[in-house]
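For reference, the chains in residue letters:
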Amino acid sequence: MSHKKVSLVVRQIIWLITLAFLLGTFFLVINHNAHWLFLTGPVLIFVIVAADTFQTKHSIRKNYPLVGRLRYLFEAFRPEFRQYFFEGELDGKPFNRRQRSIVYQRAKNEKQTISFGMQDDPNRVGYEWAAHSVYPKTANAESFRTLIGGTECKKPYSASIYNISAMSYGALSKTAVMSLNKGAKLGNFAHNTGEGGISDYHLKGGDLIWQIGTGYFGCRDEKGHFSPALFAERSNYENVKMIELKLSQGAKPGHGGLLPADKNTPEVAKIRAIQPHTTVHSPSSHSSFSNPIELMQFIKQLRELSGGKPVGFKICIGRKDEFKAIVEAMKTTNIYPDFITVDGAEGGTGAAPLEFIDYMGMALSDALVFANQTLMDYNVRDRIKLLAAGKIISAFDLAKALSLGADACYSARGMMFALGCIQALQCDSGKCPVGIATQDKSLYKALDVTDKQVRVANFHKNTMLALADFIGACGFDSHDQITPDVFYRRTDQGHNLSFAEVYYKGKLANKEVKPNEFIHI
């Protein structure tokens, strides 16, 4: 029997059952004095079947009335069913259950050990690991800080090597932002505002890194251009410790940010100086500069307006020649950013087109090595600190990034997990079930700031302690001693290469390596 005949037979059977149910219930109501409400169900089913049969937008509902709707029902619950019933410990994307669980445990100060051996396959191609030392050392987690600020900076900042990555108020709820900021205060680390401006919920005592995006939210005039006066006022807030100029981000490099209309409440709109209840697309490029020289001049302007606070820029590296041109402009103008944040293409918490999330930008490891090498090639590495962002949630992730050139790191999704994120993948819908990425009061009021701020601080503290144990086992007693020769990757069956061999000419590659000892990737 052909598929066409099968669908016709199924449709006829559905109609026969529907009519039989309706007529049978009607007969019971008439002849047995049953209450008329018994007809509600059969009539509703009849209406749905009729509507599906005669509509023209969905072929599966037309061919299989009522029954075809089950597909949409099952599809809606597919992520939850997969996560709760079928997903293995190492299967979840972008973070597997093993990764999420360690964040939950550290945030709650619960047992952080596992038993009965590893679940990953150490023989698979791509597996990464660290070599321990028979002479382990003791590292002090309290010393895991780095001073950011060059010779032109009047107010250098001693930053933790692990901080909250850029997430705007508007994308996140007010309770989420307050929890993150208060957690940063408790744990003495920094909170990046994201490009959405500084809200009252950012001003709860935690150190801030104010991110300025292409929309200049919080420091823009009525035409959407940069306002020096507004920037000077807000950059001099006591809590603002650094300024980060966003050129591009990992989730959507070369694409402006997106704030859905249902998240653009009147309060959010007031903070950003935009129209409420509208979908807001940030421009893909800045209007204050159009070339590397102008970029350096704008960085100098920001530093002067802020009273000499550290100013840097965030970039997801794409075209290498453009990054080199920026470094050349530093030499030409003798203007240097205090830091550069390298965002890996695997990063990102916000809404973005699939093509940008999956196919645009350089992965963090390659980008870090390239940025580190380029700065060294131009003899400016000692002037600029490198920050890394992109799927950094464990001590191994941190140690790996530090070994490849980072001076400090960011985490966005790790901090969201600490708040209680369940990876529902609903960040861009406004319907986050745990009240983190939403402006729906009925959802975000369930997020208890008093509890969550402690969890954020706990996650940071316990991750620092885990890092101290981890690098101590590798023979280091300080985070700035970590070298890539102790990290290995299985490149094919029977062969492991150290990161020094993968990314460099097999040499011990720390921040003091000479430029000619690097290879281009």
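Look up: the structure comes first, before these words.
Per chain, the residues get numbers from 1 upward, laid out in the order the sequence is written. The predicted origin of the model limits local features to residues at a pLDDT of at least 70 and limits the giving and counting of side-chain atom pairs to 80 or more, whereas totals for whole chains, interfaces and linings rest on all residues. For the side-chain quantities, the full set of heavy atoms in the structure was used; hydrogens and water were omitted.

1. So, helix α10 (residues 320-333)
(1) Moving on: The first and last C-alpha atoms of α10 sit 20 Å apart over 14 residues, in line with the 20 Å expected at 1.5 Å per residue.
(2) Moving on: A simple rule labels every residue: compare its accessible area, found with a 1.4 Å probe on the protein chains alone, to the largest value its type can have, and call it buried under 20%, exposed over 50%, or partly exposed in between. Only DSSP runs of H or I with at least four residues qualify as helices, and only runs of E with at least two residues qualify as strands; both kinds are numbered from the N terminus onward. Within the sequence span of α10, burial applies to F323, I326, V327, A329 and M330. The buried residues of α10 occupy one face: seen down the axis, they fall within an arc of 150 degrees.
(3) Moving on: Where α10 is buried, its residues touch α9 (292-305), β10 (311-315), β11 (339-343) and α12 (364-377). A helix is expected to reach a length of 1.5 Å times the quantity of its residues less one. Throughout, the arc means the angular range of directions from the helix axis out to the C-beta atoms. Only heavy atoms matter for contacts: two residues are in contact if any of them lie within 4.5 Å across the pair.

2. So, the nonpolar core
(1) Moving on: Throughout this description, the term nonpolar core refers to a set of buried Ala, Val, Leu, Ile, Met, Phe, Trp, Tyr and Cys residues connected via side-chain atoms within 4.5 Å. Residues L245, F313, I340 and L467 are the most contacted members of the largest nonpolar core, which totals 118 residues.
(2) Moving on: Sorting elements by how many residues they give to this core places helix α16 (residues 449-473) first, with eight residues.
(3) Moving on: Beyond its immediate stretch of four places on either side in the chain, L245 contacts I212, H286, F289, L295, F298, I299, L302, G312, F313 and K314.

3. Considering the pattern of salt bridges
(1) Moving on: We define a salt bridge as a side-chain nitrogen of Lys or Arg found within 4 Å of a carboxyl oxygen belonging to Asp or Glu. Taken as a whole and assessed by the stated rule, the structure comprises 15 salt bridges.
(2) Moving on: Residue D407 is joined to R381 by a salt bridge in which the shortest nitrogen-to-oxygen separation is 3.0 Å. Pair noted here: D407 is in the loop between α13 (395-403) and β13 (408-411) and R381 is in the loop between α12 and β12 (385-389), with a separation of 26 residues, a long-range link. Exposure class is identical for D407 and R381. Each is buried.
(3) Moving on: We note a salt bridge from D451 to R455, for which the minimum N-O separation is 3.2 Å.

4. Examining unusual backbone geometry
(1) Moving on: Within the chain, N109 stands out as a residue other than glycine whose phi angle is a positive 60 degrees.
(2) Moving on: For N109, a relative accessible area of 43% gives the class partly exposed.
(3) Moving on: Of note, N188 is a non-glycine position whose phi angle comes to about 60 degrees, a positive value.

5. Some words on the sheet that holds strand β14 (residues 487-492)
(1) Moving on: Two strands make a pair as long as DSSP finds a minimum of two bridges between them. Taking strand neighbours across the sheet as the criterion, the three strands line up as β1-β14-β15 in an open arrangement whose pairing is antiparallel. Single-partner strands in this sheet number two, and they are β1 (128-130) and β15 (495-498). This sheet shows a mean twist of 35 degrees between the axes of neighbouring strands, independent of strand direction.
(2) Moving on: As defined by bridge partners, β1 adjoins β14 across three bridges and the pair is classed as antiparallel. Counted as the bridge partner of W129 is Y488 from β14.
(3) Moving on: Between N-to-C directions, angles span 0 to 180 degrees; the directions come from axes that are lines fitted to C-alpha atoms, helices contributing only their stretch in contact. Across the face of the sheet, α13 comes into contact with β1 and β14 while running at roughly 90 degrees to β14.

So far we have only geometry, and geometry alone does not tell us how the molecule works.
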